[in-house]
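Spelled out from the first residue to the last, the chains are:
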Amino acid sequence: GAGVSQSPSNKVTEKGKDVELRCDPISGHTALYWYRQSLGQGLEFLIYFQGNSAPDKSGLPSDRFSAERTGGSVSTLTIQRTQQEDSAVYLCASSRGQGYGYTFGSGTRLTVV
Amino acid sequence: GESVGLHLPTLSVQEGDNSIINCAYSNSASDYFIWYKQESGKGPQFIIDIRSNMDKRQGQRVTVLLNKTVKHLSLQIAATQPGDSAVYFCAERATSGYNKLIFGAGTRLAVHP
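Turning next to the state of the cysteines. The bond known as a disulfide is covalent and runs between the sulfur atoms of two cysteines. Taken as a whole, this structure holds two disulfides over all chains when the rule is applied. Between the sulfur atoms of C23 of chain A and its disulfide mate C92 of chain A the distance is 1.9 Å. Given an S-S torsion of about -65°, the disulfide between C23 of chain A and C92 of chain A has left-handed geometry. Of this pair, C23 of chain A sits in strand 3 (residues 19-24) while C92 of chain A sits in strand 8 (residues 88-95), and the two are 69 residues apart along the sequence. Both residues of the pair, C23 of chain A and C92 of chain A, belong to the buried class. Across the disulfide, C23 of chain B is cross-linked to C90 of chain B (sulfur-sulfur distance 1.8 Å). With the S-S dihedral at roughly 55°, the linkage between C23 of chain B and C90 of chain B falls on the right-handed side.

Moving on, we get to the pairing of strand 8 (residues 72-77) of chain B. Residues and elements named next belong to chain B. The sheet contact formed by strand 3 (residues 19-25) and strand 8 spans six bridges and is antiparallel. The residue of strand 8 that forms the bridge with A24 is H72. The turn linking strand 7 (residues 62-67) back onto strand 8 is made up of four residues, and K71 within it adopts a positive phi angle of 55°.

The subject of this paragraph is the packing of aromatic side chains. All names here are of chain B. Tallied over the full model, the rule gives 13 aromatic pairs over all chains. Ring centres of Y25 and F33 lie 4.6 Å apart, and the angle between their planes is 50°; this geometry places the pair in the tilted category. Assigned by exposure class, Y25 and F33 land together as buried. Ring geometry for Y36 against F103: centres 5.6 Å apart, planes inclined by 45°, an arrangement best described as tilted.

Note on placement: Q81 of chain B falls in the loop between strand 8 and strand 9 (86-93). Discounting residues that sit within four places of it in the chain, Q81 of chain B has contacts with R61 and V111 of chain B.

Conventions used here
Residues numbered from 1 in each chain as written. Chains lettered and ligands numbered in written order. Predicted model: local features only at pLDDT ≥ 70, side-chain atom pairs only at ≥ 80, totals over all residues. Heavy atoms only, no water. Disulfide = S-S within 2.5 Å. Helix = DSSP H or I, 4+ residues; strand = E, 2+ residues; numbered from the N terminus. Buried < 20%, exposed > 50% of the residue type's maximum accessible area, 1.4 Å probe, protein only. Pairing = 2+ DSSP bridges. Phe/Tyr/Trp six-rings, centres within 6.5 Å; stacked < 30°, edge-to-face > 60°. Contact = heavy atoms within 4.5 Å.

Honestly, it's all geometry; don't read function into it.
Structure, rendered in structure tokens:
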């Protein structure tokens, strides 16, 4: 597609429930990234996929967080047993590869109540 | 670890004035830097990038300056317009693993008529 698409745009969930966030990167972009942005804060790196290489998961805050990328395209970020501190905007970005800037989606605003 | 920070959290300017947003980075081995603009409710948007073999790069109304000696990056916006009001992030390419970007906390630019 023309841009990075994320869904849903907003998600309200009860504490303890699992959520799945989806990202459709730009067609042909081999790299995909997930970041988290808390209110009024900068972007916190979560995970990075590059082609068929093993993902860089070094930013995942706990084992409740996981992500996968199927077929080198769509990615889902899963948060299990959500906690209130998980409330944030989750941003996905893609790029053509190393040395190129990212194109971000509009994010999913997650609210855990 | 690597970190990127900003000198000023909020910058207020008059319409038509020039704006300068500053950023400090900690890793002298970083070789790629990007400025992003984020408007309310949207994902960050690429503005301009610069590689470490350059000191200055110009775009349309924007200029990025890189001072590797003091590890300082700045974004200059000429003739600032109300549409420039947003949060601006600098980002540094991490040298530890793949191509992930490390973002600063952001500076809010408020343009007054």
